[in-house]
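What follows is the residue order along each chain.
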Amino acid sequence: MKRKYHIFIFVLAFLLSVLSPMNVCAEKNDTVTVNQLIATGKEFIASGNYDTALIYARKAKELSEKIGFKKGEANGYNDMGVVYFYQGNYSDALKNHNAALKLRLEIDNKYGIAISYNNLGVLYEYQ
């Protein structure tokens, strides 16, 4: 009976050691994907293709929420706010910039906080 118990513990420990690095690797790949989505979305913003940029920002935000990547989620909200601002949809821009600011304050992302306050200032100026 003891031998079966030891084998079970060994197999369980082995599986945990194998599966844990896979989860870390998957999360790292997901954050890379989020950052790529953000970068691509910014290119579409710069080219004036706002509808496509919005799609990329939403995908980045949704993936970030799924994996718990708050910085990526904040960047997604930020980019959606920028798109809505350029489209003249100030109420949605305000909602998204405030959501980005809230997340950036939670994770103490000082650079991101500064960007959010700047975006909110520009938005209030235009309103």
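Residues numbered from 1 in each chain as written. Predicted model: local features only at pLDDT ≥ 70, side-chain atom pairs only at ≥ 80, totals over all residues. Heavy atoms only, no water.

*Asks:* Looking at this structure, how should I read the overall build of the chain?
*Replies:* Helices and strands together make up the secondary structure of the chain, namely 5 helices and 0 strands. Reading the secondary structure of the chain in the N-to-C direction produces α-α-α-α-α. For the chain, the proportion of its 127 residues judged to be buried stands at 32%. Long-range pairs, those at least 24 residues apart, make up 52% of the contacts in the chain with a sequence separation of at least 6. (Helix = DSSP H or I, 4+ residues; strand = E, 2+ residues; numbered from the N terminus. Buried < 20%, exposed > 50% of the residue type's maximum accessible area, 1.4 Å probe, protein only. Contact = heavy atoms within 4.5 Å.)

*Asks:* How do you make sense of the confidence of the model for the chain when you look at a structure like this?
*Replies:* Detailed reading of the predicted coordinates is not advisable wherever pLDDT falls low. Averaged over every residue, the pLDDT of the chain is 86; the share at 70 or more is 78%. Here residues 10–25 scores under 50 on pLDDT; set against residues more than four positions off or in separate chains, the count is 1 contact. (pLDDT = per-residue confidence, 0-100.)

*Asks:* Explain the nonpolar core here, please?
*Replies:* A general trend in soluble globular proteins is that nonpolar side chains are found buried together. I45, L54, Y77, M80, V83, Y84 and A93 are the most contacted members of the largest nonpolar core, which totals 15 residues. Listing elements by their share of this core, those giving two or more residues are α2 (50–67), α3 (70–86) and α4 (90–106). The greatest single-element share of this core, amounting to 7 residues, is contributed by α3. Ignoring any residue separated from it by four or fewer positions in sequence, one finds M80 in contact with L54, A57, R58, K61 and N96. Counting residues in hydrophobic clusters, the runner-up holds 6 residues, among them V34, I38, L63 and F69. (Core = buried A, V, L, I, M, F, W, Y, C linked by side-chain atoms within 4.5 Å.)

*Asks:* Which parts of the structure should I look at to understand the environment of G48?
*Replies:* In this fold, G48 is placed in the loop between α1 (2–46) and α2. Take G48: its relative accessible area is 39%, and that puts it in the partly exposed class. For G48 and Y86, which are 38 residues apart along the polypeptide, the C-alpha to C-alpha distance reads 8.8 Å.

*Asks:* For this particular structure, what's the right way to read the packing of aromatic side chains?
*Replies:* By convention here, two paired aromatic rings are described through the distance between centres and the angle between planes. Applying the stated criterion across every chain yields a total of 5 aromatic pairs. Each ring, one from F44 and one from Y56, has its centre 5.5 Å from the other, and the planes form 20°; the classification is stacked. Here the residue F44 occupies a position in helix α1, and Y56 occupies one in helix α2, the gap between them amounting to 12 residues. Given a relative accessible area of 25%, Y56 falls into the partly exposed group. An angle of 90° between the planes, with centres 5.1 Å apart, marks the rings of F85 and Y126 as edge-to-face. Placement of F85 in helix α3 and of Y126 in helix α5 (residues 110–126) is noted, with a sequence separation of 41 residues between them. (Phe/Tyr/Trp six-rings, centres within 6.5 Å; stacked < 30°, edge-to-face > 60°.)

*Asks:* Could you clarify how one ought to interpret the side chain of N109 in this entry?
*Replies:* Counting through the fold element by element, N109 comes out in the loop between α4 and α5. Contact partners of N109, with chain neighbours within four places excluded, come to K71 and R104.

*Asks:* Sorry, what's going on with the pattern of salt bridges here?
*Replies:* Between side chains of opposite charge, pairing is possible as soon as their charged atoms come close. Evaluation of the coordinates by the stated rule reveals 5 salt bridges. For K110, the salt bridge identified is with D108, shortest N-O distance 3.0 Å. (Salt bridge = Lys/Arg side-chain N within 4 Å of Asp/Glu carboxyl O.)

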